[in-house]
Amino acid sequence: MRRKTFAITAIALLGLVVPASAGAKTIIGSGSVAMQPVLQALFAQYTKQTHGKVKFVYTANGGNAGVKDVQNGTSQFAGNARTPLPSDAGTTYIKMFLDGLCIDVNPKNKLGNITIQQVHDIYRGLITNWNQVPGSGLETTIDPVGRDTNGGTYNFFLQAVLNNELPSSNVNALTSDGLVANAVKQDPNAIGYDGLAWQGKGQKALKVNGVPCQSSKISVEPLKYPLSRYLFLVVPNSGVSPALQKFIDWARTSPEAAPTILKAGGVPAFNKKAKK
Amino acid sequence: MEVEYLPEDGPRVPDQRAERLLGALVCTVVALLLALIATVFFRAWPSFAHNGLAWFGAGGNVDEQINQIYLSGLGGSEGYVYTFHAWQLLWSTFLITGGAVLLALFSSLFVAVFLVEFAPEWMSNVLAPVVRFLASVPSVIYGLLGVLVIVPFIGNHLVTEPQKASVAGVISLSGYSLLAGVLILTVMIAPLMTSIFSDGIRSVRPGWLEGSLALGVNRWRTTWKIAVRTARPAIVAGTVLATARAIGEAVMLAMVSGSVAFAPNPADGLIFIFEPSRPLAPTIVKNIDLLGSKPANSTLFAIAAVLLLSAATFSLAGWAARRSMSKYGATA
C-alpha cells in the first residue's frame, strides 16, 4: 500500500518536472513596471517565433527591486528605467529601447504645453494653483501625483525634472504607473507623470517645452523630447545564458522586434530597418 | 503467566508516534516564531539604540528623515544616519485603526444582534455565510474599490475648493485621505467582528433568555441586558482580533490613505478627515526598495518591531479581559 502511494507520488512529481526540462526554456526576470508592457509584447512575440521553446516569467516589482533580484540571483535579468547607481554593483546595464516620460493632465484641463521649469515648480510645491499656469483654464488647486520611491520612473523624474530635490509633501506618491494614470483620469485637477506605454484614454499628454510626447519625437541623438530616456535590461556580470543573450540581441537589433516595441509604447533605438 | 501485548518485531511505542510527530511540529512552529521575533528586533536594534524614546516622538518630516537615512547608507558605515521620529506614522495608525474599530464595533454589534435575535430564519441563513465570506475577501480588492470609487468620490464631491486652497503646497486634498482609509477599513473588519459577535450571542444559554422573557421583560431589553452582556467575552475577542488586523493592514491603506507622512490635526476642524496620512504598515510597503541601505533597513525593521509588539500587546490584553469576564457566562 505504502509502496503504491510512493510510486504514484514519484510519477506525479516526474510529470511536473519533465515537460519543463524537455520542452521549453523558462527565463525568469523582474523589475520595472514602466517597461512591462513592451517587455511582455516582446516576450510573447519571441515565444511565438521560437515555437514555444523559450518562455518568460516577468514580475513587475519595480526597477530597484529587480536589480536586487539580479544581484542575489533570483532573476536572470531585470528591467530598469533609470541609469546605473553605485548600489548596482555586479550588474551590467544594456540599453534596450527608448521611452518618453509624459506629463499628463485630465482632459478637462485646457493646457497644451508645459515647461520643465513649471513641472519642477509644481512638484516642489512652489506653484499650487492652476491659475498660476497660463492656459489651463482652471482656477483650482493642483493635485500633483507621482510615484513612490520604488522604481526607476521616480528616479528618472527626480534627476530630469527636480534636479535631485525631493518632491514636495503635497505630491501624492502612488505605488504604480497604472495608479498614477488612474488618478489623473479621475481627478480634473491632477497632474501626473508616466511612460509612453501608459498613454491612452482618460489622460492627456502635454507638450514639454513645445515638443509633444510622441514616439516619433523621441530619438537617441539629439534627444528631441526633453524627457526621453533609455530603458535598460540589467544582467549579472557573471554572465548570461545563451538563450537570454539570443533574446536580448533579437529584441535590440532585429527588424521584426521594432514594430512590436513601437506598438506596445516604446521607441526602438538600435533595431535595423526592415529590408524592403 | 505473561501476556504478549505487542508482536515481538513491531515498533515499541506505536501509540506515541502521532503525539511525537505533532509535538515536534508544534515545537518547530514555536521556534520559528521566536526566531522571527529575534530577527526583527535584532535588525531593528540600531534604530532604537540611536534614537531612544525620541523614536516615538514628534519632530521633523518622516519622509525626509527616511530619505536621509537611505542616502547615508550608500556611503561608508561611519556616516550612517539613524535620526527618525515616527510620531506622524504612529498618530496616523492610531487615528485610522481607532476610527475604523469604533465604527465597526457599533455597526457589527447591531448587525450581530439583529442576525441572531430578530432576523427571520431564512434571512439569517442567507446572511451568516455572506458575512463569513466578506470577512475573508483579500484586502487588495477593497483597495481597488477604494481607488476606483471612494477616493475619486471624496476628492471630487466632498472636498471643496476653499478647503483645498487653504492647505495648498503643504498637502493635497485629492481624496486620498483619512476618511477613505477609515471607511474601507471599517468595511474590511466589520464582517470579522460580526461573525465573532454573533457566535458569542448565539451561545448564550437559552434558559437565561427564556427566564428573562418569562419575567415579563421585553425582547429588546432581554437581548441588550442578558444576551449582549453575557456575550461580552466574545465582543472583546472580536474587537481585539479586528484591531490586530486593522493595525497590520498595509496594501489597502497604501492604496487609499495618501502617501505622505502627515499627522492630521483634529484642531483643523472637519477638514482633518480629508487630510492624507500614512500609518506604520504602509510605510514599510512604500519604502520596501530602500532595504538595500543598512540604516534604512534597520529603520523599516524598527517599524515592523513596533507593529509586532502592538499586535502582541493586543492579544495579551484581549486574553486578560476575556479571562476576567468569562466567569459571567458564555465564552468566545
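Residues numbered from 1 in each chain as written. Chains lettered and ligands numbered in written order. Predicted model: local features only at pLDDT ≥ 70, side-chain atom pairs only at ≥ 80, totals over all residues.

1. A few points about the overall build of chain A
Alright, step 1. What chain A contains, in helices and strands, is 8 helices and 12 strands.
Alright, step 2. Within the span of chain A, comprising 276 residues, buried residues form 49% of the whole.
Alright, step 3. Look at the contacts in chain A between residues 6 or more apart in sequence, and 72% of them connect residues 24 or more apart. (Helix = DSSP H or I, 4+ residues; strand = E, 2+ residues; numbered from the N terminus. Buried ≥ 20, exposed ≤ 12 C-beta atoms within 10 Å, placed from the backbone. Contact = placed C-beta atoms within 7 Å.)

2. Section: the overall build of chain B
Alright, step 1. Within chain B, the regular secondary structure consists of 13 helices and 0 strands.
Alright, step 2. Ordered by position in the sequence, the α and β elements of chain B form the string α-α-α-α-α-α-α-α-α-α-α-α-α.
Alright, step 3. Here the C-alpha radius of gyration of chain B, 25 Å, is well above what a compact globule of 332 residues would show, namely 20 Å.
Alright, step 4. Seen through its C-alpha atoms, chain B measures out along the principal axes to roughly 85 × 65 × 35 Å.
Alright, step 5. When each of the 332 residues of chain B is scored for burial, the buried share is 42%.
Alright, step 6. Here the contacts in chain B between residues at least 6 apart in sequence split such that 81% fall between residues at least 24 apart. (Rg over C-alpha atoms; globule rule 2.2 N^0.38 Å.)

3. Re the confidence of the model for chain A
Alright, step 1. Overall, the predicted model of chain A reaches an average pLDDT of 83, with 88% of residues at or above 70.
Alright, step 2. Predicted confidence in chain A is weakest over helix α1 (residues 2-22) of chain A, with a mean pLDDT of 57, and strongest over helix α4 (residues 116-123) of chain A, with 92. (pLDDT = per-residue confidence, 0-100.)

4. What to know about the interface of chain B and chain A
Alright, step 1. Residue-level contacts link 31 residues of chain B with 29 residues of chain A.
Alright, step 2. Breaking the side of chain B that touches chain A down by element, the ones donating at least two residues are α2 (62-72), α5 (139-158), α6 (161-166) and α11 (251-256) of chain B.
Alright, step 3. No other element matches the 4 residues that α5 of chain B contributes to the side of chain B that touches chain A.
Alright, step 4. Residue classes in the side of chain B that touches chain A are distributed as 15 nonpolar, 11 polar and 5 charged. (Nonpolar A, V, L, I, M, F, W, Y, C, P; charged D, E, K, R; others polar.)

5. Comments concerning unusual backbone geometry
Residues and elements named next belong to chain A.
Alright, step 1. Even without being a glycine, Asn 163 presents a positive backbone phi close to 50°.
Alright, step 2. Mapped onto the elements, Asn 163 comes out in the loop between α5 (152-160) and β7 (172-174).
Alright, step 3. Unusually for a residue other than glycine, Asn 164 sits at a positive phi of about 65°.
Alright, step 4. Along the chain, Asn 164 falls in the loop between α5 and β7.

6. A short note on the nonpolar core
All names here are of chain B.
Alright, step 1. One finds Ile 189 and Val 256 to be the most contacted residues of the largest nonpolar core, which totals 156 residues.
Alright, step 2. With 15 residues, helix α7 (residues 178-202) is the single largest residue contributor to this core.
Alright, step 3. Leaving out residues up to four positions away in the same chain, Val 256 has contacts with Gly 143, Gly 146, Val 147, Ile 150, Val 151, Tyr 176, Ala 180, Gly 181 and Ile 184. (Core = buried A, V, L, I, M, F, W, Y, C linked by C-beta atoms within 7 Å.)

7. As for the packing of α2 of chain B against helix α13 (residues 294-325) of chain B
All names here are of chain B.
Alright, step 1. Contact geometry of α2 with α13 gives a least axis separation of 6 Å together with a crossing angle of 140°. Taken together, the axis directions place α2 and α13 in an arrangement best described as oblique. On α13, the residues touching Ile 66, Ile 69, Tyr 70 and Ser 72 of α2 are Pro 295, Ala 296 and Thr 299. (Axes fitted to C-alpha atoms, helices over the stretch in contact; angles between N-to-C directions. Parallel < 35°, antiparallel > 145°, perpendicular 65-115°, else oblique.)

8. Details of the packing of helix α1 (residues 17-51) of chain B against α13 of chain B
Residues and elements named next belong to chain B.
Alright, step 1. Where α1 contacts α13, the axes come no closer than 7 Å and their chain directions differ by 125°. Our classification of the angle between α1 and α13 gives oblique. The interaxial crossing formed by α1 with α13 has left-handed handedness. In this structure, α1 uses Ile 37, Val 40, Phe 41, Arg 43, Ala 44, Pro 46, Ser 47 and Phe 48 to contact α13, whose residues at the interface are Asn 297, Ser 298, Thr 299, Phe 301, Ala 302, Ala 304, Ala 305 and Leu 308.
Alright, step 2. Class assignment of the residues belonging to the contact of α1 with α13 gives a composition of 11 nonpolar, 4 polar and 1 charged. (Left-handed = near helix turned anticlockwise from the far one by under 90°.)

9. Points about the confidence of the model for chain B
All names here are of chain B.
Alright, step 1. Scored by pLDDT, chain B comes out at a mean of 87, with 93% of its residues at no less than 70.
Alright, step 2. Across chain B, helix α3 (residues 87-118) holds the top mean pLDDT of 93, while α6 sits lowest at 84.
Alright, step 3. Predicted as a complex, the structure gets a pTM of 0.78 and an ipTM equal to 0.72.

10. Quick word on the pairing of strand β3 (residues 77-80) of chain A
All names here are of chain A.
Alright, step 1. Of the two faces of β3, the one carrying Phe 77 and Gly 79 and the one carrying Ala 78 and Asn 80 are both buried.
Alright, step 2. Two elements, strand β1 (residues 25-31) and β3, share 3 bridges in a ladder whose sense is parallel. Across the sheet, residue Gly 31 finds its bridge partner in β3, namely Gly 79.
Alright, step 3. Pairing analysis gives 3 bridges linking β3 to strand β11 (residues 228-236), with the strands arranged antiparallel. When the bridges of β11 are listed, Ala 78 appears paired with Val 234. (Pairing = 2+ DSSP bridges.)

11. Considering the pairing of strand β2 (residues 54-59) of chain A
Residue and element names in this part refer to chain A.
Alright, step 1. Relative to β2, β1 runs parallel, the two sharing 6 bridges. In the sheet register, Gly 29 faces β2, and the bridge partner there is Tyr 58.
Alright, step 2. For the crossover that starts at β1, traverses helix α2 (residues 36-49) and ends in the parallel β2, the hand is right-handed. (Right-handed = clockwise from strand over helix to strand, strands pointing away.)

12. Some details on α4 of chain A
Residue and element names in this part refer to chain A.
Alright, step 1. If you check which residues of α4 are buried, you get Gln 118, Val 119, Ile 122 and Tyr 123. Viewed along the axis of α4, the buried residues span an arc of 125°, placing them on a single side of the element.
Alright, step 2. At its buried positions, α4 is contacted by β4 (91-105), β5 (113-114), β6 (143-147) and β8 (190-195). (Arc of directions from axis to C-beta.)

13. Things to note about the environment of Leu 39 of chain A
Residue and element names in this part refer to chain A.
Alright, step 1. Mapped onto the secondary structure, Leu 39 falls in helix α2.
Alright, step 2. Accessibility expressed as a C-beta count within 10 Å gives 27 for Leu 39, which makes it buried.
Alright, step 3. When the C-alpha atoms of Leu 39 and Asp 99 are compared, they prove to be 12 Å apart, with 60 residues separating the residues in sequence.
Alright, step 4. Look past the residues within four positions of Leu 39 in its chain and what remains in contact with it is Tyr 58 and Gly 79.

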